[in-house]
Amino acid sequence: MSALTEETVLQRTKCKELEHVRKLNIWGIGIKDVSVFRRMPNLEIASCSVNNISTLADFAHCPHLQELYIRKNEITDLAEISFLKNLHELSNLWLLDNPCSSHNNYRLTVLKHLPHLQKLDNVAVSKEELKLAAEKGDDLPLQSSKTESSSVVEPPLDASLGDRCIEESSFSTPNLEKDQKAASRGVKDQYRKVSSADEVEEEDTNLLNERRGHLLQNNHQNTNRQSSRIFDALILLIEELNREELIAIREAVGRRIADLT
């Protein structure tokens, strides 16, 4: 698979239009051309690690982008970060393990040009570091906008990878059976993003923690009947999960038990 297409994005996110896409996970599927991002103005979180992406130009068209995970790609020129300068909502960038990260003054240079970042490569950014970056970071040449590919060939969609979609599910169905299925899909989506038994993307962990926090908060507000529905949905979900997903759930349950003791 070399090009990300509209059909692939819509199938993964379950959205009807690209304008509705807010979160997209294309971790490790061999993508090189992501020019379709230019048509996703409301995208907030993009998980693009472990691909063949060589430019950040397409992300410049996502003004609401908040988190970009793009480690282990083929970005060789550190000046590519200039395409992100006007993304003022971008607070979390993971660019490590690209060729450009071998730049001698890599971290300070990135922070000099993207001072709005709160976290770079999974490390929090301090005010002192930003001040040092302004003084010691290297200047970079401006990058001109690259044109969008004129034609894109639709690759075959891998159904198992499509299951990693991180678009949020709805839990508002009044019918009990539908509630159980919706809750099951929602919880399953939270743990689908485990990439292997020994490696979990940090962005997926962040999303898991965020959604687990929402679920725990909702549990305090829900009635006993709603709690029972969620419990029933979880029981139904167990038999659908594979080994890696069960490991992720076990770890989450362990953390929750530790919080309660």
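Quick notes on the rules
- Residues numbered from 1 in each chain as written.
- Predicted model: local features only at pLDDT ≥ 70, side-chain atom pairs only at ≥ 80, totals over all residues.
- Heavy atoms only, no water.
- Helix = DSSP H or I, 4+ residues; strand = E, 2+ residues; numbered from the N terminus.
- Buried < 20%, exposed > 50% of the residue type's maximum accessible area, 1.4 Å probe, protein only.
- Areas by Shrake-Rupley, 256 points an atom, 1.4 Å probe, with all protein chains shown as cover.
- pLDDT = per-residue confidence, 0-100.
- Contact = heavy atoms within 4.5 Å.
- Pairing = 2+ DSSP bridges.
- Axes fitted to C-alpha atoms, helices over the stretch in contact; angles between N-to-C directions.
- Parallel < 35°, antiparallel > 145°, perpendicular 65-115°, else oblique.
- Nonpolar A, V, L, I, M, F, W, Y, C, P; charged D, E, K, R; others polar.
- Disulfide = S-S within 2.5 Å.
- Phe/Tyr/Trp six-rings, centres within 6.5 Å; stacked < 30°, edge-to-face > 60°.
- Lys NZ or Arg CZ within 6 Å of the ring centre and 35° of its normal.

The next subject is the overall build of the protein. From N to C terminus, the protein includes eight helices and six strands. Along the chain direction, N to C, the helices and strands of the protein fall in the order α-β-β-β-β-α-β-β-α-α-α-α-α-α. Taken across its 261 residues, the protein has 46% of its residues classed as buried. Summing over all exposed atoms, the protein offers an accessible surface of approximately 13,600 Å²; the carbon and sulfur share of this is 50%.

With that out of the way, let us pick up the confidence of the model for the protein. Summary statistics for the protein give a mean pLDDT of 75 and a share of 62% for residues scoring 70 or more. Predicted confidence is poor over residues 147-200, with pLDDT under 50, and the contacts of this stretch with residues over four places away or in other chains come to 107 contacts.

So, about the sheet that holds strand S1 (residues 23-25). The strand order across the open sheet formed by six strands is S1-S2-S3-S4-S5-S6, and the pairing between neighbours is mixed. What marks the edges here is a single partner per strand, and that holds for S1 and strand S6 (123-124). Note that strand S2 (residues 45-47) and strand S3 (residues 67-69) share three bridges and pair parallel. Bridge pairing links Ser47 to Tyr69 in S3.

In this section: the packing of helix H2 (residues 106-113) against helix H3 (residues 127-136). Packed helices, taken two at a time, are described by their axes: the angle between them and the distance between them. One can describe the packing of H2 onto H3 by two numbers: an axis separation of 8 Å at closest approach and a directional angle of 95°. Taken together, H2 and H3 sit at an angle that is classed as roughly perpendicular. On H3, the residues that touch Arg107, Leu108, Leu111 and Lys112 of H2 are Glu129, Leu130, Leu132, Ala133, Ala134 and Lys136. Looking at the contact of H2 with H3 residue by residue, the class counts come to six nonpolar, no polar and four charged.

Tallied over the entire structure, the rule returns zero disulfides. With no disulfide of its own, Cys48 lies closest to Cys62 among cysteine sulfurs, the gap being 9.1 Å. Residue Cys48 is classed as buried on the basis of its relative accessible area of 0%.

The next point concerns the packing of aromatic side chains. Two aromatic rings are characterised by how far apart their centres lie and by the angle between their planes. Summed over the entire model, instances satisfying the criterion amount to one aromatic pair. We note Arg71 situated over the ring of Trp94; from NZ or CZ to the ring centre the distance is 5.0 Å.

Its location among the elements puts Leu111 in helix H2. Residues Leu111 and Val125 lie 14 residues apart in sequence; the distance between their C-alpha atoms is 8.5 Å. Leaving out residues up to four positions away in the same chain, Leu111 has contacts with Leu117, Leu120, Val125, Glu129, Leu130 and Ala133.

Our focus in this paragraph is the environment of Ala57. By secondary structure assignment, the location of Ala57 is in the loop between S2 and S3. The buried category is assigned to Ala57, whose relative accessible area is 2%. Residues Ala57 and Leu84, 27 residues apart in the sequence, show an inter-C-alpha distance of 8.0 Å.

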